[in-house]
Structures are given as C-alpha cells and as structure tokens.
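Descriptive structure summary
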Amino acid sequence: MSRTAAWPGRLVLLGHPVGHSRSPAFQNAALEAAGIPLRYTALDVAPAELGQVLADLRAVRGAGNVTIPHKRAVYEACEVRLPRAEQAGAVNTFWHDEEGRLYGDNTDVAGFEAAVDSLGTTRPGAVVALLGAGGAAAGVCAAVATWAGATVGIFARSPERANELRQRFPHTRPASSAAAALSGASLVVNATPVGMTDDAHPVEVAWLPRDAHVMDLVYRDGETSWVRAARARGLRAIDGRAMLLSQGAEAFRCWFGRDPDLEVMRTALGHSTRSE
Ligand code: NAP
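Residues numbered from 1 in each chain as written. Predicted model: local features only at pLDDT ≥ 70, side-chain atom pairs only at ≥ 80, totals over all residues. Heavy atoms only, no water.

As for the site of the ligand
The local shell around the ligand holds 23 residues, among which Ala133, Ala136, Arg157, Ser158 and Arg161 are the closest. At 2.8 Å, a backbone N or O of Ala133 approaches an oxygen atom of the ligand. Within the contact set of the ligand, an oxygen atom lies 2.8 Å away from a side-chain nitrogen or oxygen of Arg157. Burial of the ligand by the surrounding chains reaches 81%, relative to a free accessible area of 920 Å². Listing elements by their share of the shell around the ligand, those giving two or more residues are helix H6 (135-144) and helix H10 (241-256). Top contributing element to the shell around the ligand by residue count: H10, with 3 residues. In terms of residue class, the shell around the ligand is built from 12 nonpolar, 7 polar and 4 charged. (Near = heavy atom within 4 Å. Polar contact = N/O pair within 3.5 Å; in protein donor to acceptor, adjacent residues only side chain to side chain. Areas by Shrake-Rupley, 256 points an atom, 1.4 Å probe, with all protein chains shown as cover. Helix = DSSP H or I, 4+ residues; strand = E, 2+ residues; numbered from the N terminus. Nonpolar A, V, L, I, M, F, W, Y, C, P; charged D, E, K, R; others polar.)

Here we look at the environment of Glu98
Tracing the chain through its elements places Glu98 in the loop between strand E5 (93-96) and strand E6 (102-105). With 11 residues separating them in the primary sequence, Glu98 and Gln87 have C-alpha atoms 25 Å apart.

Things to note about the nonpolar core
Phe112, Leu130, Trp147, Leu187, Val189 and Met215 are the most contacted members of the largest nonpolar core, which totals 33 residues. When contributions to this core are tallied by element, the ones reaching two or more residues are helix H5 (108-119), strand E7 (127-131), H6, strand E8 (151-155), helix H7 (159-168), strand E10 (187-190) and H10. Looking at which element gives the most residues to this core, the answer is H6, with 7 residues. Ranked by size, the runner-up nonpolar core spans 24 residues in total, among them Leu31, Ala63, Ala251 and Phe256. (Core = buried A, V, L, I, M, F, W, Y, C linked by side-chain atoms within 4.5 Å. Buried < 20%, exposed > 50% of the residue type's maximum accessible area, 1.4 Å probe, protein only.)

Set out below in structure tokens:
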C-alpha cells in the first residue's frame, strides 16, 4: 500500500458537523496503545473552508478521515487515489507522502463488508435495498459490485443522485419508491443520516421484508431507533458501529502501515456487535 514512510504531522477528522463522531475516542485509544505520540482531533470544516484546511494540512503532511459532507470534495482534491476510492468515487481516508502528494482511500468499503459478515449476511446473490445515494452509498455499491450475482435497488430523495450511481455501477437500479427498493431485499442498508440526531426512521420498519437483514450506517448511543425497532420485529439488525470500527482500523493501517489494537478500539468505542 502506498503510504507515508514517516508518521503524519497531524491526524484529523474533516466533517461538518463532527460533534457526533466517535472516531476521536477510538483512534486516540489506538494511538496511545501503539505508543504513537499523535492526537486525532475532529475539525468542523464548512465547505467554503475545505480548500484552505487541506492546504494547511499539506504543509504539515497531515492525514485523517473525511465524513459528511466532504468525501466527494476530498476525492476531487487527491493527487493519488487508491482503487477502492476510485471505485466508490469518494474518499474517507487521506494522507500525504514525503513529496506532499495527497493520497485518498476509501476504507468504508472494507468496513461495510466486515459489518455485513458480522450480521451473517450471504454476499453472493444478495438483493440489497439501499436508502440514500451519497458517499457512503457509493461505498456500499462498490463493495456489492464484487459480490457474485448481487444487485442493489437504490431509493434516494434526489433521484438524480441514484441515477449517477446507476451510471457508475451496472449492478444497481434506481427505485421509484422505498417499497420498490425493498421488494425481495435480503439486506436493507440505511445510507442516509436519518436517525442520527433523533428517533426518525429512514423507512417504516413494517415495510421491511420478513427475512431481510438490516444495517443502519448511522450510529448513536443506545443504537438507533430504527435498529431497535427492526430487532423488536424479529429481524437481524446492526447499527453503524461495526462498520465504523472496521473502517477506522483499516484507516489506521493506511496511516501507519501496522494493525491497531482492535480490542482497545472496541472498548473505547463502547462497541457492541450484537446483531439480534
Ligand atoms: P452524503 O454523501 O451527504 O449522502 C447522504 C444521502 O442521504 C444523500 O442521498 C442525501 O440526499 C440523503 N439524505 C440526507 N438527508 C436525508 C433525509 N432527511 N431524508 C432522506 N434522505 C436524506 O452522506 P454520507 O457520507 O453518504 O453519509 C450518510 C450517513 O452514513 C451519515 O449519517 C454518516 O454518518 C453515515 N456513515 C456511517 C459510516 C460508518 O462507518 N458507520 C460510514 C460512512 C457514513 P440528498 O442528495 O437529497 O441530500
């Protein structure tokens, strides 16, 4: 993997907002456990400020993660993009090499697959209903593209964004309604921010197919209301923490070329991988 030979000068999360993020907690625990003298800090960066912040980070060979709404903009800014980022069209992990070139990767793809495995979902032939069509949704499409015979039905409030994904990922199809996307689904994925700050549900739990597995990419204390409601209906369901942890561990490997202590990270996240 192409990564910096020396440690980055600064480690940050770029997002807007970033107050909800658990990444600083578990990345700092991993840094401490590894004896790396760096702190991972969350930076709330408005879109208009992103260019300047990236310039400042280049000056100190900064590295870090990217979250809503900057994944596409950082993808555009990268001089070198790893295949997973290229496939997803979004960057969630970045670093600089010794010449100051900005590298971008997408560890959400591997994180999503690890979470799918913890849910016990069969990948080949999966029928995925995907809610949302942003950066995280693109990561889901990129992952499912490698699963034999699997398809994705996308329901998004902005149909043009679902159509963009259709252009890039032939195994996807935009759905005209949530019901159309959910029909026959073996895995339902929420890739919208709905449920992040309140108990709103991205789709009615009563609409979920009886045998579907449910994955909410959103996470919050006590799990999301949607995941709790799906589980109460007897469905296997998991929130975004499993994916968050796995994508964070993969990002750590990008920055430092070594494995983090996963148990330390999981404890710091207050992680539970319960799926039923
Ligand atoms: P994004 O690029 O901004 O895309 C968000 C998508 O959700 C867009 O399709 C957007 O539609 C749609 N959306 C936004 N608000 C909505 C609403 N109120 N009702 C219906 N649809 C809505 O964001 P992202 O980076 O993909 O992230 C999406 C969510 O996944 C965030 O909550 C993020 O925290 C979470 N996530 C979690 C992990 C993890 O590791 N667990 C990783 C990545 C992302 P428009 O285009 O119309 O705005």
